[in-house]
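# Structural features, examined
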Amino acid sequence: MSVSNMSGSAGVYEDPPLTLTVGQSAPSQADTVGSLHVSTQGRKQTYSSCFWAFTPVISLNSPCVAIKGSATKTVRITRVRISWSCTTGSSVPSPISFQRYTALSGGTTNNPGSAIANDSANAAPTAVAVQYSAVPTTSTKAGGQHVTSRISWITSGASVNATPTNIDWVFGQAGGQALVLRGVNEWFGILLGSIGTNPIMDVCIEWTEE
């Protein structure tokens, strides 16, 4: 078989990398040694809000912490990290879950969590996370819980070497979808079934906006 008529496509090295707009095209990009350039760095603009050392409130219907969707961006929740302690615990594990809502109003919110961008060049975040000191009085659930677990309120102590009490929910792994908020009428919130005496909780929510 003759190969004289075969054609090839050369990669082009660009520094800085190209920035295309809608409808534009470009040749394949190469790195400095001529290999096809593949970026392993995520390009989605990513943010997080953390609430530190707050007193959680309990309800099986309304959340103690929630994140609200955006009027201009699609919000994808990728991770929720939770840790907790108390002065007097309980031998009975408590349910905790992550629930979608189509309405949340009333109650009392502390200042909204300051959203921190993973890259200082990101646009300003548009989703808003809040922590409640009194749960919402109106809460409309949309379906069942997306993830549930059980937590044990263990008494804290400086002399105790115990397994750390934490939860790390990760979404959008192995080709699956993250939890998506479309518009300001969609929320996700954390529900607690019970708490210990003098409870303290930390919550961090991570998401992307497109």
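Below is a short write-up of the structure.

So, how was this worked out
- Residues numbered from 1 in each chain as written.
- Predicted model: local features only at pLDDT ≥ 70, side-chain atom pairs only at ≥ 80, totals over all residues.
- Heavy atoms only, no water.
- Salt bridge = Lys/Arg side-chain N within 4 Å of Asp/Glu carboxyl O.
- Helix = DSSP H or I, 4+ residues; strand = E, 2+ residues; numbered from the N terminus.
- Buried < 20%, exposed > 50% of the residue type's maximum accessible area, 1.4 Å probe, protein only.
- Disulfide = S-S within 2.5 Å.
- Contact = heavy atoms within 4.5 Å.

With that settled, consider the pattern of salt bridges. For side chains of opposite charge, pairing can occur when their charged atoms come near one another. Using the criterion set out here, one finds four salt bridges in the structure. Between E210 and R76 there is a salt bridge, and its shortest N-O distance comes to 2.7 Å. Separated by 134 residues along the polypeptide, E210 in the segment after β12 (200-209) and R76 in strand β3 (residues 75-85) bring together distant segments of the chain. The class of R76 is partly exposed, set by a relative accessible area of 22%. Salt-bridge contacts for R100 lead to E186; the nearest nitrogen and oxygen are separated by 3.1 Å. Remark: E186 occurs in the loop between β10 (179-181) and β11 (187-192) and R100 occurs in strand β4 (residues 94-105); sequence separation between them is 86 residues. Connected through salt bridges with shared partners, the residues K44, R76 and E210 form a single ionic network.

The next point concerns the state of the cysteines. Under the counting rule described, the total for this entry stands at one disulfide. Here C50 pairs with C204 through a disulfide, and the sulfurs are 2.1 Å apart. Taking the sign of the torsion about the S-S bond as the criterion, the disulfide between C50 and C204, at about 115 degrees, is right-handed. Of this pair, C50 sits in strand β1 (residues 45-54) while C204 sits in strand β12, placing them 154 residues apart in sequence. Residue classification places C204 among the buried residues on the basis of a relative accessible area of 17%.

Another aspect to go through is the side chain of S48. In this structure, S48 sits in strand β1. Since its relative accessible area comes to 16%, S48 is described here as buried. In this structure, S48 is in contact with S114, A115, I116, I205, E206 and W207, ignoring residues within four places of it in sequence.

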